[in-house]
Amino acid sequence: MNLKENIKLNRLPKHIAIIMDGNGRWAKQQGMMRAFGHENGTKSVRQTVEACAELGVENLTLYAFSTENWKRPKLEVQTLMKLLVSSLKKEISTLQDNNIKLSAIGNLKTLPNKVHNELQDVINKTKDNSRMTLTLALSYGSREELLNTVKEISIKVKNNIISPENIEESIINKHLYTQNLPDVDLLIRTSGEQRISNFLLWQIAYAELYFTKILWPDFTKQHLYEAIIEYQKRERRFGKTSEQLS
Ligand code: IPE
Ligand code: IPE
Ligand code: MG
């Protein structure tokens, strides 16, 4: 059965976010080093990006490196950073061919120069692409993002640019790294872990959560289709009653 045909194209999530987890365990299962899992994870990234673009999903956000991931062994962090640079170099043509715009969220200035420069280069080159926005969360932590937001708004209050009684949700939205993105509709986490790990806490307030035991390097287009089909079966009530929706 071709799962893709069961997806209702008029009811696609506008924003899918994925916690790509399980690379290390995948490698360990094959008696390999963790780095092998990260390398193979890039294939799943390509599959997912392609599948989303082909379907017409407008926004895909991938959690690639968290603020907490800096605490991993130095060698693993280095491997991940090297992999980022090589993937960016390799994938730029795919992004251009498919009219995909690359974006990044997180504390990007903490990334090594090489990563930062390569990232900026791909972001600049793809800035006019319009089919889909692919956002990489790099050195991203939701609490840090919210802290920055509070600081920026406080400064504006202090300088009389904003008055406290006018602080609304939309003002907070405008100060987040995700200011140009809609709220997340579907959040997927692979590897069987059922936690959020400091990802998009504000933005997932009403997202549908989907957890799968598949380890990230095994994740294919078919798994993404399964997640979207499951999403389309859910009734999103946003606090209302079922009767109010129909
Ligand atoms: C996800 O896989 C990749 C990153 C967090 C960078 P992990 O490296 O967390 O793999 P597990 O969870 O140890 O299996
Ligand atoms: C979350 O995965 C971060 C990314 C996928 C980049 P982790 O593997 O770091 O999460 P925890 O620490 O197990 O919650
Ligand atoms: Mg993990």
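Counting from 1, residues in each chain are numbered in the order their sequence is written. Each chain takes a letter, starting from A, and each ligand takes a number, starting from 1, following the order in which they are written. Per-residue local features of the predicted model are confined to residues with pLDDT of at least 70, and side-chain atom pairs are confined, for both listing and counting, to 80 or more; whole-chain, interface and lining totals are unaffected and use all residues. In computing side-chain properties, one takes all heavy atoms of the structure into account and sets aside hydrogens as well as water.

**With respect to the side chain of N59**
- Helix and strand labels come from DSSP, where a helix needs a run of H or I of at least four residues and a strand needs a run of E of at least two; each type is numbered from the N terminus. When you line up the elements, N59 lands in strand β2 (residues 59–66).
- Discounting chain neighbours no more than four positions away, the residues touching N59 are K14, H15, I16, M132, T133, L181 and P182. Every residue pair with non-hydrogen atoms within 4.5 Å of one another is taken to be in contact.

**Section: the packing of aromatic side chains**
- Any two rings among Phe, Tyr and Trp, with Trp reduced to its six-membered ring, count as a pair given centres within 6.5 Å; such a pair is stacked if its planes are under 30 degrees apart, edge-to-face if over 60, and tilted if neither. Tallying each qualifying case throughout the model produces eight aromatic pairs.
- One aromatic cluster is present, formed by Y63, Y140, Y177 and F199 through successive ring pairs.

**As for the site of ligand 1**
- One heavy atom within 4 Å of a molecule or strand is enough for the residue carrying it to be called near that molecule or strand. Around ligand 1, the surrounding shell consists of M20, D21, G22, N23, G24, R25, R34, H38, A64, N69, R72 and L80.
- In protein, a polar contact means a hydrogen-donor-capable atom and an acceptor-capable atom, both N or O and within 3.5 Å, with residues adjacent in sequence counting only if both atoms are side-chain atoms; elsewhere, any N or O pair within 3.5 Å suffices. In this structure, an oxygen atom belonging to ligand 1 sits 2.8 Å away from a side-chain N or O atom of D21.
- A distance of 2.9 Å is found between an oxygen atom of ligand 1 and a side-chain nitrogen or oxygen belonging to R34.
- Contact with the protein chains hides 87% of the accessible area of ligand 1, taken as 380 Å² for the molecule alone. Calculation of accessible area relied on Shrake-Rupley with a 1.4 Å probe; when residues are assessed, cover is drawn exclusively from the protein chains displayed.

**Focus on the pattern of salt bridges**
- Salt bridge, as applied in this entry: a Lys or Arg side-chain nitrogen positioned within 4 Å of an Asp or Glu carboxyl oxygen. Scanning all chains against the criterion turns up 18 salt bridges.
- With a shortest N-O distance of 3.0 Å, E118 and K89 are connected by a salt bridge. Of this pair, E118 sits in helix α4 (residues 113–125) while K89 sits in helix α3 (residues 74–97), and the two are 29 residues apart along the sequence.
- Each residue gets one of three labels from its accessible area relative to the maximum for its type: buried under 20%, exposed over 50%, partly exposed in between, using a 1.4 Å probe on protein chains only. For K89, a relative accessible area of 52% translates into the label exposed.
- One network of salt bridges, with partners in common, ties together D21, R25, R189, E193 and R195.

**Observations regarding the site of ligand 2**
- Around ligand 2, the structure places I19, M20, D21, Y63, A64, F65, N69, R72, R189, R195 and S197.
- Within the side chain of D21, an N or O atom sits 3.2 Å from an oxygen atom of ligand 2.
- Measuring from an oxygen atom of ligand 2, one finds a side-chain N or O atom of S197 at 2.6 Å.
- For ligand 2, whose unbound accessible area comes to 390 Å², protein coverage reaches 78%.
- Per-element accounting of the shell around ligand 2 gives the leading share, three residues, to β2.

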